[in-house]
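Coordinate inspection notes
Chain by chain, the residues run as shown.
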Amino acid sequence: MIRYLAVLAWIGISFGTAARAGCMNLPVKGNVNGRDTSITVMIEYKGAVRHFSVRTAPLKYNKDFAWSFALDDGLASGWLVAFPYFNGGRVAPSFKGAWGADQGGDGEVYPGLFFTDGCGNKVPFRAAVAINARSIGRPGSLDWEQVDSLYKAGWDVFSHGYTHATGRDVDALSECRENNKVVQERLGIVMRQFVVPGGPGDTISEGPYTKAAFGQGMEAVHDGHFPGHTIMIDRDLSPERMRAGRLFLYSGNMRDSMDRYFREIRDLLQAGKRPWINAFTHSTGNDNLWNISLRFPDMKRFFGRLEKEYGHTGKDNIWVASFQAVQEYSLIHQSLVYSVRKAGNRIYIRIDTGTLPVELRHKCQTFVLDSGQPIEKITCVNGSIESYSRNTVGKQLINLCW
Ligand SMILES: [Zn+2]
């Protein structure tokens, strides 16, 4: 009876994405099979709240565009060079390992590359590694501890097939299954994104891999043959079972292409679009490994410019996160059911996560409020507040995770 009354009390304003999910007039239930799936955020102000609005941001931290980056083939430079450069730390010095190529960097300490969370806190660029479990621990490849450390630092781990097999006789089903099984057994990581192995010359195995990966519950399949490396974050976006095209960043085309890539971003933003770019490379050491990699000096030029123009010291309107993080944010954004209630000097947002897929890793959403006065205090039940706008009037952000 008490629960019934509580639900009734929540019938009230229900809007935003809830309307798109077809739940305009339904109360937020917050209970699935006896499991409490509700989150309540209480926002407290000094004075009584008169006019206010609440909506969820199309991209985390209410950014204008998203940039996703992956390093294929599980190579050691992902941990030794790319990670310290993005996250802050000492990049490995030059070394020649497997394949006779220099896979180190310059041995210098880097401050990291950042944007902000819209509330004054710096957030490092994050990316993903796409791995073949059979190669992990071999010379030139990442080892298990490094994969684990990347994951724990917020990077994502994508599947790239167990052995990187390609061609006509590929056993896509077992390549997908075995890779997921071994990675889950070793690290407890459930991979949700599949990157089709094979270069631009291989179109044979892409079909079987796509079918196998989606059949085994993957949320996205990445392949350079899929059209478009730029996705628009708008009402037409379908964030379920995505076929993701890719922008290939490698040193062979950087000199000619870098300006064009930046121009594309600028033009789309100027046109009022909200693009999401999906890019990748292989290794990022001093040598251009197999001529399909981004040499460390080129990586610095490209990502340093991305930070300078759009990161915390520039426009601060970029969200650099793995494809999985952006896709899962979009999935939640499109189907989140929530209601909003005002009581005196408080606003309550009540969210029901029971309608969302349960296997998401990145469970978060940014709320944009406008209430005409600074937020005094926020408390949250069943979730955590990553950050929120303090001492600001007008547009205010609440970055919620659960
Ligand atoms: Zn590959």
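Here, every reference points to the structure presented above.
Residues numbered from 1 in each chain as written. Predicted model: local features only at pLDDT ≥ 70, side-chain atom pairs only at ≥ 80, totals over all residues. Heavy atoms only, no water.

**Some points on the overall build of the protein**
Each helix and strand in the protein was counted, giving nine helices and 24 strands. Relative to the globule expectation of 21 Å for 402 residues, the C-alpha radius of gyration of the protein, 22 Å, shows essentially globular dimensions. In terms of overall dimensions, the protein has a C-alpha envelope of 70 × 45 × 40 Å along the principal axes. Here the protein holds 402 residues, and 54% of them are scored as buried. A separation threshold of at least 6 residues defines the contact pool for the protein, and within that pool the share at least 24 residues apart is 73%. Carbon and sulfur atoms make up 49% of the accessible area of the protein, which totals about 17400 Å². Distance between charge centres in the protein, computed from 47 positive and 40 negative side chains, equals 7 Å. (Helix = DSSP H or I, 4+ residues; strand = E, 2+ residues; numbered from the N terminus. Rg over C-alpha atoms; globule rule 2.2 N^0.38 Å. Buried < 20%, exposed > 50% of the residue type's maximum accessible area, 1.4 Å probe, protein only. Contact = heavy atoms within 4.5 Å. Areas by Shrake-Rupley, 256 points an atom, 1.4 Å probe, with all protein chains shown as cover. Lys, Arg positive; Asp, Glu negative; His and termini not counted. Charge placed at Lys NZ, Arg CZ, Asp CG, Glu CD.)

**Comments concerning the sheet that holds strand 24 (residues 395–401)**
Strand order across the open sheet formed by four strands is 4-21-24-23, with antiparallel pairing between neighbours. The open sheet has two edge strands, strand 4 (53–56) and strand 23 (384–388), and neither has a second partner. Taken over all neighbouring pairs, the strand axes of this sheet differ in orientation by 25 degrees on average, direction set aside. Each of strand 4 and strand 21 (364–370) is contacted by helix 9 (residues 323–335), which is oriented at about 55 degrees to strand 21, the strand it contacts most. (Pairing = 2+ DSSP bridges. Axes fitted to C-alpha atoms, helices over the stretch in contact; angles between N-to-C directions.)

**Some thoughts on the sheet that holds strand 20 (residues 346–352)**
Reading across the sheet, the four strands line up as 19-20-3-22 and stay open at both edges, with antiparallel pairing between neighbours. The open sheet has two edge strands, strand 19 (337–343) and strand 22 (375–381), and neither has a second partner. Averaged over all neighbouring strand pairs, the angle between strand axes comes to 15 degrees, with direction disregarded.

**Thoughts on the coordination of the zinc ion**
Looking at the zinc ion, the protein donor atoms are Asp-73 (OD), His-160 (NE2) and His-164 (NE2), and they sit 2.1 Å from it. The sequence motif formed by the donor residues of the zinc ion is D-x86-H-x3-H. Of the two residues, Asp-73 sits in the loop between strand 5 (65–71) and helix 3 (77–87) while His-164 sits in the loop between strand 11 (156–159) and helix 5 (172–187), which places them 91 residues apart along the sequence. With a relative accessible area of 26%, His-164 lands in the partly exposed category. (Donors = N, O, S within 2.8 Å, 3.2 Å for Na, K, Ca; no water.)

**A closer look at the packing of aromatic side chains**
For the structure shown, the criterion picks out 25 aromatic pairs. With 4.7 Å between their ring centres and 15 degrees between their planes, Phe-248 and Phe-280 make a pair best called stacked. Remark: Phe-280 occurs in strand 17 (residues 275–281) and Phe-248 occurs in strand 16 (residues 247–248); sequence separation between them is 32 residues. Given a relative accessible area of 23%, Phe-248 falls into the partly exposed group. Given a relative accessible area of 9%, Phe-280 falls into the buried group. The ring centre of Phe-114 lies 4.5 Å from the NZ or CZ of Lys-122, which sits over that ring. The ring of Tyr-348 has Arg-341 sitting right over it, with the charged end atom 4.8 Å from the ring centre. (Phe/Tyr/Trp six-rings, centres within 6.5 Å; stacked < 30°, edge-to-face > 60°. Lys NZ or Arg CZ within 6 Å of the ring centre and 35° of its normal.)

No statement about biological role is implied by the geometric values presented.
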